[in-house]
Amino acid sequence: MRLKLTRSTSYKSIANAPLPAEGSASFNNIHFAAAIILTPWFITKLLPFKTSWTFYFFLGLLTGLPVAIGYWALMSRIGQRVNEKVPFPGKPVEHYIDLKNSSLRKYAEAGKKLPMQVFHDEFFDGKVDFKGDVLEIMEYRHDWASFGFTKEVRHPSFLVTCTDD
């Protein structure tokens, strides 16, 4: 009996994924809504004075966005894959991509995965290049890239000025 992992095609023009690793399965809309709704309720219960529904909704407006961002950030870091049946090859980052920037070597030396936002920015700046077929390497992106939220360390594009030299 053959274990079917993902839906595959028999069309020659559509290649099947070599590593069927879907995204995070840890995000849950019920948990997300409960975190947003219950946070102001817990705060009102911790306060030493009696509060009203108006104060609850005011706290909900104040805490809603930070709680949502915190939940998304946490789930992007600790979330498990949808399909855990296929193990990753476990190859280092430099097996898949060429890191031309010395500041990116810290990921390769520490054995860490490269954050996708960092990869994206550095690729379009010409500091990272693929070692092989782009589609194949991107199919293995779960082996070399992490998908957690990252801080934006670059300057916003509207503040950068271009000069002709």
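Check the entry above for the structure.
Residues numbered from 1 in each chain as written. Predicted model: local features only at pLDDT ≥ 70, side-chain atom pairs only at ≥ 80, totals over all residues. Heavy atoms only, no water.

### Focus: the packing of aromatic side chains
Okay, step 1: Counted under the stated rule, the structure contains 13 aromatic pairs.
Okay, step 2: Measuring from centroid to centroid gives 5.6 Å for W53 and Y56, while their planes differ by 80 degrees, and the two rings are edge-to-face. Of this pair, W53 and Y56 both sit in helix α2 (residues 53-78), 3 residues apart, roughly one helical turn.
Okay, step 3: Judged by relative accessible area, Y56 falls into the buried class, the value being 14%.
Okay, step 4: Among the aromatic residues, ring-to-ring pairing joins F119, F123, F124, F130 and W144 into one connected group. (Phe/Tyr/Trp six-rings, centres within 6.5 Å; stacked < 30°, edge-to-face > 60°. Helix = DSSP H or I, 4+ residues; strand = E, 2+ residues; numbered from the N terminus. Buried < 20%, exposed > 50% of the residue type's maximum accessible area, 1.4 Å probe, protein only.)

### Thoughts on the pattern of salt bridges
Okay, step 1: Inspection of every chain in the model, using the stated rule, returns 2 salt bridges.
Okay, step 2: Residues E94 and R105 are paired through a salt bridge, measuring 2.5 Å at the closest nitrogen-oxygen approach. Residue E94 is found in helix α3 (residues 93-96), and its partner R105 is found in helix α4 (residues 105-110); the two are separated by 11 residues along the sequence.
Okay, step 3: Put simply, E122 and K127 hold a salt bridge, and the shortest N to O gap is 3.9 Å.
Okay, step 4: Residue class for E122 comes out buried when judged on its relative accessible area of 12%.
Okay, step 5: Look at K127 and you get partly exposed, because its relative accessible area is 34%. (Salt bridge = Lys/Arg side-chain N within 4 Å of Asp/Glu carboxyl O.)

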